[in-house]
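Structural characterization, general
Each chain, letter by letter, is given below.
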Amino acid sequence: MVGNIQITTGWYFFLFSLVGACCGLLYSVFKGEGEPLIASLGFSGIAFAATYCLICWLGDEFKRVGLKGRDVSKADRRELPETMGAVCAVVYLMVMIIFIPFPFYEYFVASTSGGGNRDVTVEMVETGRKLHRFPHNKLGEYLSAILSLQSMAILGIADDLFDIRWRHKLFLPAISAIPMLVMYYIDFGVTNIVVPLRLQPYLGQLVNLSWGYYVYMAAIAIFCPNSINIYAGINGLEVAQSIAIAVFIMINDLMYISVVGHPATDSHLFSLYFLLPFLGVSMALWIHNKYPSKVFVGDTYCYFAGMTFAVVGILGHFSKTLLLLFIPQIFNFIYSAPQLFKLIPCPRHRLPRFNARTGLMEPSRGQFMRPPKWYISLMLKTLEKLGLIKLWTDDNGTVLEFSNMTLINLWLVRMGPMREDKVTRGLVWLQVACGALGLFIRHKAALLVFPYDNLKLADFEKLMAAVV
């Protein structure tokens, strides 16, 4: 077979069975009431099978055109196909396009008399024409989300091909976010935020941020893709952290959907429609990318995954909840800031160093070409006392080298050298713990600061009344 990864007989049997079961789900949707969530589940399974097979079949082709790299964290420095995140993105986008009719099934069939006759649901407009009552705003949201994701995937592929510099690509996600921000303005347009209880006597219950809220949403669109991209570099971490984030967002969605009659149900269904297929393609990629990796995901996957989360957070109207699920990524960004903003030397790659003699990962180092200024030295020595960095100094105490400031290297500083798969496993469990903490803060601890938890129907209605 063509490709460098063999699909075993057992996997063929599993994939054929999975696709058959998913086709059965889709058939039941056509024969039933067109439940879109069931259809999305079916398409997710098909997306998993398609992604798994395509990664196997296309590996050699990617290497042939130069999309390849060496796994420097292995003793044999094996050569692997790169940019496999592009396969995920393409399969995902194709599935999401094919899925378009399903969320609107009732408007095509259930709310009409069938056979193209639309007498059941019509409305008069100023021109006197009779039009089918259709949720054009929801379709607009869906299409704007796909357009933003397509733009982000193109940026990721361009970065993998041309290795775009950080200063050039940092703000490009904001451009990709324009379609969904325009749709947010047209369809929803709420720019109020709830004021914490202690500040309400001075500021009132709500504050309108106006255009500042759109700057905030654009910042989320910039942060989510880039935060995953800089928190990466060891086998399986990029995909595993994305899967963990997606699962916790889905748990939050299901919490709202389980409340009968909750006004936010449609927004969270929208989120699930986008996350179920994302989970399908990501699981297929993770199987190939986990330790020992057979493929590299490339920047494409990081951008595509981050923008998927930004899309569901912004158009699903839970962007603040989304940030609570990015606690490790936020910490990694803040911790990396001195290097990212060139306060201290920042090498091109800050991956942990592989010790070929022990087979373990160790913190990689940044090096000063000249003695650091006194305030930089003070900052680094303070971080060392807090256990947040490791320094190497000369006899006079001048800092010569330091462990690169990423959460991955910090994990190795605190836990000591360990095998690559154990590093990934520890960081993924950290992501899971932070995700559970984020949901606890959102729905329990936040009540100490804010008056409402909009998960409760009564509180949601009070909040909406305040907005109006």
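Conventions we followed
Throughout, a residue's number is its position along its own chain's written sequence, starting from 1. Totals for whole chains, interfaces and linings use all residues, but because this is a predicted model, local features are given only for residues with pLDDT of at least 70 and pairs of side-chain atoms are given and counted only at 80 or more. The side-chain quantities take in all heavy atoms of the structure and omit both hydrogens and water. Numbering of helices and strands runs from the N terminus, with a helix taken as a DSSP run of H or I at least four residues long and a strand as a DSSP run of E at least two residues long. The quantity called the radius of gyration is restricted to C-alpha atoms. Its globule counterpart is 2.2 Å times the number of residues to the power 0.38. Remark: exposure states derive from per-residue accessible area (1.4 Å probe, protein chains only) relative to the maximum for the residue type, with buried under 20%, exposed over 50%, and partly exposed in between. Working rule for contacts: check all heavy atoms of both residues, and any pair within 4.5 Å makes them a contact. Residues counted as positive are Lys and Arg, residues counted as negative are Asp and Glu, and His and the chain ends are not counted. Note on charges: their place is set at NZ of Lys, CZ of Arg, CG of Asp or CD of Glu. Note on aromatic pairs: the rings of Phe, Tyr and Trp (six-membered ring only in Trp) are paired at centre separations within 6.5 Å, and the planes decide the class, stacked below 30 degrees, edge-to-face beyond 60, tilted for the rest. For two strands to be treated as a pair, DSSP must find at least two bridges joining them. Throughout, an axis means a line fitted to C-alpha atoms (over the contacting stretch in the case of helices), and angles, computed between N-to-C directions, take values from 0 to 180 degrees. Definition of a polar contact: a pair of N or O atoms within 3.5 Å, with one able to donate and the other able to accept a hydrogen when the atoms are protein atoms, and with sequence-neighbouring residues admitted only if both atoms are side-chain atoms. Any carboxyl oxygen of Asp or Glu that lies within 4 Å of a side-chain nitrogen of Lys or Arg is treated as forming a salt bridge with it. Here, the arc refers to the directions that run from the helix axis to the C-beta atoms.

**A short note on the overall build of the protein chain**
If you tally the helices and strands in the protein chain, you get 19 helices and 11 strands. Taken over the C-alpha trace, the protein chain has a radius of gyration of 24 Å; the compact-globule value for 468 residues is 23 Å, and the two agree within 12%. The dimensions of the protein chain, computed from C-alpha atoms along their principal axes, are 85 × 70 × 35 Å. Buried positions account for 50% of the 468 residues belonging to the protein chain. Within the protein chain, counting contacts between residues at least 6 apart in sequence, those at least 24 apart form 71% of the total. For the protein chain, the centre of its 39 positive side-chain charges and the centre of its 31 negative side-chain charges are spaced 7 Å apart.

**Some remarks on unusual backbone geometry**
Cis geometry is found at the peptide bond from Tyr291 to Pro292, where omega equals -15°. Along the chain, Pro292 falls in the loop between helix 12 (265-289) and helix 13 (298-315). Of note in this structure, Asp163 is not a glycine but carries a positive phi near 50°. With a phi angle near 65°, His317 is a residue other than glycine that sits in the positive phi range. Along the chain, the position of His317 falls in the loop between helix 13 and helix 14 (319-324).

**A short note on the packing of aromatic side chains**
Scanning the entire structure with this criterion turns up 32 aromatic pairs. The interplanar angle of 25° and the centroid separation of 6.4 Å between the aromatic rings of Phe48 and Tyr52 together place this pair among those described as stacked. Of this pair, Phe48 and Tyr52 are both found in helix 2 (residues 36-64), four residues apart, which corresponds to roughly one turn of the helix. Looking at Tyr52, the relative accessible area reads 4%, which means it is buried. Here Phe368 and Phe402 contribute two aromatic rings whose centre-to-centre distance is 5.3 Å and whose plane-to-plane angle is 50°, an arrangement assigned as tilted. One end of the pair, Phe368, is in the loop between strand 9 (365-367) and helix 16 (374-385); the other, Phe402, is in strand 11 (residues 399-403), with 34 residues separating them in the sequence.

**Some details on the sheet that holds strand 11**
Taken in spatial order, the three strands make up an open sheet running 9-11-10, and their pairing is antiparallel. Each edge of the sheet is formed by a strand with only one pairing partner; in this case those strands are strand 9 and strand 10 (391-393). On average, each strand axis in the sheet is inclined to that of its neighbour by 25°, with strand direction left out of account. In this structure, strand 10 lies alongside strand 11, joined through three bridges in antiparallel fashion. Each bridged residue has a counterpart across the sheet, and for Trp392 the counterpart in strand 11 is Glu401.

**Looking at the environment of Lys74**
By the element assignment, Lys74 lies in the loop between strand 1 (68-70) and strand 2 (79-81). Residue Lys74 is classed as buried on the basis of its relative accessible area of 6%. Each C-alpha atom of the pair Lys74 and Gly359 lies 7.8 Å from the other, and the pair is 285 residues apart in sequence. Apart from the residues within four sequence positions on either side, Lys74 is in contact with Asn235, Tyr291, Pro292, Phe354 and Glu420. Reaching out from Lys74, the side chain makes a polar contact with the side chain of Asp71 at a distance of 2.9 Å.

**Overview of the pattern of salt bridges**
Scanning all chains against the criterion turns up 13 salt bridges. A salt bridge links Lys74 to Asp71, with the nearest nitrogen and oxygen atoms 2.9 Å apart. Neither residue differs from the other here; Lys74 and Asp71 are each classed as buried. Arg353 is the partner of Glu362 in a salt bridge, and the nearest nitrogen-oxygen pair spans 2.4 Å. A relative accessible area of 15% places Glu362 in the buried class.

**Focus: helix 8 (residues 178-187)**
Buried residues of helix 8: Met180, Leu181, Met183 and Tyr184, and no others. Viewed along the axis of helix 8, the buried residues span an arc of 160°, placing them on a single side of the element. In helix 8, the exposed positions angled more than 90 degrees off the buried face are occupied by Tyr185 and Ile186. In this fold, the buried residues of helix 8 make contact with helix 5 (136-162), helix 10 (211-230) and helix 13. Once helix 8 finishes, Gly189 follows within two positions and takes phi at roughly 70°, a positive value.

**Concerning helix 17 (residues 407-415)**
Residues spaced three or four apart along an α-helix point in a common direction, a consequence of the helix completing one turn every 3.6 residues. Within helix 17, burial applies to Leu407, Ile408, Asn409, Leu410, Trp411 and Leu412. Considering only its buried residues, helix 17 is in contact with helix 11 (237-257), helix 15 (327-340), strand 8 (360-362) and helix 18 (420-443). Of the residues flanking the end of helix 17, it is Gly416, one or two places downstream, whose phi is positive at about 90°.

**Describing the pairing of strand 11**
As judged from the three bridges shared by strand 9 and strand 11, these two strands associate in the antiparallel manner. Paired with Arg365 across the strands is Ser403, a residue of strand 11. Hairpin connection, strand 10 to strand 11: the antiparallel pair is bridged by five residues, and Gly397 has positive phi, about 85°.

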